[in-house]
Amino acid sequence: NPERNVTVGGRNLVLAPVYGPPFVRDENGRRYATMDDFNKFVKLGYMSKWLHHSGGTVCEPTDIPVNKRHLDMLYAHMTLSDKPYMGSVTAPERAADSVEMSDILFGGLNGRTVMTSLININSPMTFDGIMMGALEVYARANQAAIISPFIVGGAMSPVTVAGTLTQVLVEVLAGVAYSQLIRKGAPIIAGAFVTSTDMASGAPTFGTPEASLVTYGAGQLVRRLGVPYRSAGSFCGSKLPDAQAAYETANSLNMGLLAGVNFMLHACGWLEGGLVSSFEKFVMDADQLGILHKVAQGIDMSDNGQAMEALRYVGSGQASHFLGTDHTQANFKTAFWRTDLLDYKPFETWQEEGERDTVQLARERVAKLLNDYQKPAI
């Protein structure tokens, strides 16, 4: 669908869902992901008005053999959604399959860039043969590659922000340069996936101030190089879509917006340090992405935005409030971001409706979206 085309770079922010978890969590708890789960996540991504991109491995369907599951996953993105998607990188030949399938879908690529891929650097300072082989396939075919270190600070990089930024820059530069040796002008996105280590347990941490500083610094470095920037997401270390998940995710999402990220993978659905794709958290995060859209628009300084007519009307004593003014009547439907999920009702109404918490509301929204889903034309 050409109306779904995205531009990655400049002042644009493209949002894509979680990528890579082997487990899912729903009302029945945590379990290995299946192809049916994968299809549901693709449908939820398609139904979200805030997600621009269908993503890639939104969960790892363990009920499909490894040597062919990339075909099923890509086919799901192509048929259940009409948004852009990511190709496989788990082997060079699977990257080639992704290019060939896309060539069929688009009736011949003819040099057009129709998909993205995630090329993770095996930090510290190593590219493995699988990632490098996939990068070669996509660069030759003029398909975009996100060249991104995967760093847990203190284990895979120095414990200091400046030391980690130095390593991020050198790893990205090596990957970008190699892609251009394969094909001059091959489209790339420079990435920075950075967390820090909990020195008590060794576990990765998310939503921390150190990660924010690295993300801000990497944004400045990448803009100086003049290439698009991938970072941030709905990161959290919590096992459940609870208060910890909400705090860490809010910090991580806002960090990405303020850092000037152009492509935000893992924008919704991430749980338990990336081990789990959560259905409830997917719709919780997707709802919050609407806030990023609103903030990114900045302040409207047009005549309508300045609202001087309404200010003069109330200021002159013709009204004691703004509710009934022409300006409010003309703008109230679009003036404020409106949640599709959270509860703002009076206490009595909330109590009468069963005292539902956010997870329960999210569970009900997942069911409604999947029930309302209609397959796009192809």
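Everything discussed here concerns the structure shown above.
Residues numbered from 1 in each chain as written. Predicted model: local features only at pLDDT ≥ 70, side-chain atom pairs only at ≥ 80, totals over all residues. Heavy atoms only, no water.

### Focus on the sheet that holds strand 12 (residues 276-278)
Just so we agree on the cut-off: In short, DSSP must find at least two bridges between two strands for them to pair. Starting at the N terminus, helices and strands are each numbered in turn, a helix being any DSSP run of H or I of at least four residues and a strand any DSSP run of E of at least two.
Ordered in space as 3-2-12-11, the 4 strands form an open sheet in which the pairing is mixed. Of all the strands in the sheet, just strand 3 (29-32) and strand 11 (270-271) have a single pairing partner and so form its edges. Across 2 bridges, strand 11 lies against strand 12 in antiparallel orientation. Residue pairing in the sheet places Leu271 in a bridge with Val276 of strand 12.

### Notes on the pairing of strand 6 (residues 144-153)
Convention followed: Burial classes: relative accessible area under 20% of the type maximum marks a residue as buried, over 50% as exposed, and values in between as partly exposed (1.4 Å probe, protein chains only).
The buried count for strand 6 comes to 9 of 10 residues, which makes it a mostly enclosed element. Pairing of strand 5 (residues 115-121) with strand 6 involves 6 bridges; the strand directions are parallel. In the sheet register, Thr116 faces strand 6, and the bridge partner there is Ala144. In the sheet, strand 6 pairs with strand 7 (residues 188-197) via 7 bridges, with the strands oriented parallel.

### Considerations on the nonpolar core
Condition: Each nonpolar core is a collection of buried residues, namely Ala, Val, Leu, Ile, Met, Phe, Trp, Tyr and Cys, held together in the definition by side-chain atoms within 4.5 Å.
Core analysis: the biggest nonpolar cluster contains 82 residues, and Leu15, Phe38, Phe41, Leu44, Met264, Leu289 and Leu292 have the highest contact counts within it. It is helix 8 (residues 279-296) that provides the largest number of residues to this core, a total of 7 residues. Membership of the second largest hydrophobic core comes to 10 residues, among which are Phe206, Cys236, Trp270 and Leu271.

### Quick word on the side chain of Glu248
Using the following cut-off: Pairs of residues are marked as contacts when any of their non-hydrogen atoms sit within 4.5 Å.
Among the structural elements, Glu248 can be located in helix 7 (residues 243-258). Those residues in contact with Glu248 that sit more than four places away from it in its chain are Phe206, Gly207, Phe235, Cys236, Gly237 and Ser238.

### Concerning the packing of helix 2 (residues 69-80) against helix 3 (residues 92-105)
Stated precisely, the cut-off is as follows: Between N-to-C directions, angles span 0 to 180 degrees; the directions come from axes that are lines fitted to C-alpha atoms, helices contributing only their stretch in contact. Oblique is the label for every angle not falling under 35 degrees (roughly parallel), over 145 degrees (roughly antiparallel), or within 65 to 115 degrees (roughly perpendicular). Take the far helix as the reference: if the near one is turned anticlockwise from it by less than a right angle, the crossing is left-handed, and if turned clockwise, right-handed. Residues are grouped as follows: Ala, Val, Leu, Ile, Met, Phe, Trp, Tyr, Cys and Pro are nonpolar; Asp, Glu, Lys and Arg are charged; every other residue, Gly included, is polar.
Running from N to C, helix 2 and helix 3 cross one another at 30°; their axes reach a closest spacing of 10 Å. It follows that helix 2 is roughly parallel to helix 3 by the angle criterion. For the pair helix 2 and helix 3, the crossing hand works out as right-handed. Contacts from His70, Leu71, Leu74, Tyr75 and Met78 in helix 2 reach Arg94, Asp97, Ser98, Met101, Ser102 and Leu105 in helix 3. Here the contact of helix 2 with helix 3 is composed, by residue class, of 6 nonpolar, 3 polar and 2 charged.

### A short note on the pattern of salt bridges
Going by this rule: Salt bridges are defined by distance alone: a side-chain nitrogen of Lys or Arg within 4 Å of a carboxyl oxygen of Asp or Glu.
Summed over all chains, the structure comprises 15 salt bridges. Note that Glu60 is salt-bridged to Arg69, the shortest N-O span being 2.8 Å. Look at Arg69 and you get buried, because its relative accessible area is 10%. What you see here is one network of salt bridges that share partners, running through Lys345, Glu353, Arg356 and Glu364.

### Some details on the pairing of strand 3
Direction of pairing for strand 2 (residues 23-26) relative to strand 3: antiparallel, over a ladder of 4 bridges. By the bridge assignment for strand 3, Phe23 is matched with Tyr32. Counted along the chain from strand 2 to the antiparallel partner strand 3, the turn is 2 residues long.

### Considering the state of the cysteines
The criterion, for reference: Counting rule for disulfides: a pair of cysteine sulfur atoms within 2.5 Å.
For the structure on display, the rule yields 0 disulfides. Sulfur of Cys59: no disulfide; nearest cysteine sulfur belongs to Cys268 and is 13 Å away. Distance from the sulfur of Cys268, which forms no disulfide, to the nearest cysteine sulfur (Cys236) is 12 Å.

### Comments concerning helix 2
Here is the rule: Expected helix span is taken as 1.5 Å per residue step, with the number of steps being one fewer than the number of residues.
The end-to-end C-alpha distance of helix 2, which contains 12 residues, comes to 16 Å, matching closely the 16 Å that a straight helix rising 1.5 Å per residue would cover. Of the positions making up helix 2, those classed as buried are Arg69, His70, Met73, Leu74, Ala76, His77, Met78, Thr79 and Leu80. Against the buried residues of helix 2 lie helix 1 (35-47), strand 4 (85-86) and helix 3.

### Looking at the side chain of Ser231
Worth spelling out the cut-off: The definition of a polar contact used here is a pair of N or O atoms within 3.5 Å, where within protein one atom must be able to donate a hydrogen and the other to accept one, and adjacent residues in sequence count solely through side-chain atom pairs.
One can find Ser231 in strand 9 (residues 229-231). On the basis of relative accessible area, Ser231 is assigned to the buried category, the value being 1%. Side-chain polar atoms of Ser231 contact the backbone oxygen of Ala192, separated by 2.6 Å. Ignoring any residue separated from it by four or fewer positions in sequence, one finds Ser231 in contact with Ala192, Thr215, Val261, Phe263 and Met264.

### Some points on the packing of helix 1 against helix 8
Axis separation between helix 1 and helix 8 bottoms out at 11 Å; the angle between their running directions is 15°. Classified by the angle between their axes, helix 1 and helix 8 sit roughly parallel to one another. With respect to the hand of their crossing, helix 1 and helix 8 are arranged in right-handed fashion. Contacts from Asp37, Lys40, Phe41, Leu44 and Gly45 of helix 1 reach helix 8 at Phe279, Phe282 and Val283. For the contact of helix 1 with helix 8, a count of residues per class yields 5 nonpolar, 1 polar and 2 charged.

### Considering the environment of Thr7
Counting through the fold element by element, Thr7 comes out in the segment before strand 1 (14-15). With 256 residues separating them along the chain, Thr7 and Phe263 place their C-alpha atoms 9.5 Å apart. Excluding anything up to four places from it in sequence, Thr7 contacts Asn12 and Val14.

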